[in-house]
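Okay, here's what each chain looks like letter by letter:
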Amino acid sequence: MAAKGTRVTPQEKDKMWQLYQEGNTFAKIAKKLQRSPDTVSRYVHEREAEENAIRVAVKAQNI
């Protein structure tokens, strides 16, 4: 695992999202990227919220 307090890079966040979209679990992603499952969960949920906000905004514009 990465040392406590190390920052997650934007590239790591993108990789977490990509792996999650491929059907991997938080635990599998964490092991692959040497991060904790809690860290992976945090950033995947953050990205998911961003994606949903964009979807809502686009839908509202199309009404």
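Look up a bit, the structure's there.
Residues numbered from 1 in each chain as written. Predicted model: local features only at pLDDT ≥ 70, side-chain atom pairs only at ≥ 80, totals over all residues. Heavy atoms only, no water.

(A) Here's a closer look at the pattern of salt bridges. Across all of its chains, the model carries 3 salt bridges by this definition. A salt bridge links Glu-12 to Arg-35; the shortest N-O distance between them is 3.0 Å. On the criterion of sequence distance, the pair formed by Glu-12 in helix H1 (residues 10-21) and Arg-35 in the loop between helix H2 (26-33) and helix H3 (37-61) is long-range, its members being 23 residues apart. As a salt-bridge pair, Arg-47 and Asp-14 come within 3.1 Å of each other at their nearest N and O atoms. Placement of the pair is Arg-47 in helix H3 and Asp-14 in helix H1, with a sequence separation of 33 residues. Judged by its relative accessible area of 23%, Arg-47 falls in the partly exposed class. The exposure class of Asp-14 is partly exposed, given its relative accessible area of 45%. Beyond isolated ion pairs, a larger network of salt bridges with shared partners links Asp-14, Arg-47 and Glu-51. (Salt bridge = Lys/Arg side-chain N within 4 Å of Asp/Glu carboxyl O. Helix = DSSP H or I, 4+ residues; strand = E, 2+ residues; numbered from the N terminus. Buried < 20%, exposed > 50% of the residue type's maximum accessible area, 1.4 Å probe, protein only.)

(B) Focus on the environment of His-45. Along the polypeptide, His-45 turns up in helix H3. The spacing of His-45 and Asn-24 is 21 residues in sequence and 14 Å in space, taken between C-alpha atoms. Of the polar contacts made by the side chain of His-45, one reaches the backbone oxygen of Ser-41; its length is 2.8 Å. (Polar contact = N/O pair within 3.5 Å; in protein donor to acceptor, adjacent residues only side chain to side chain.)

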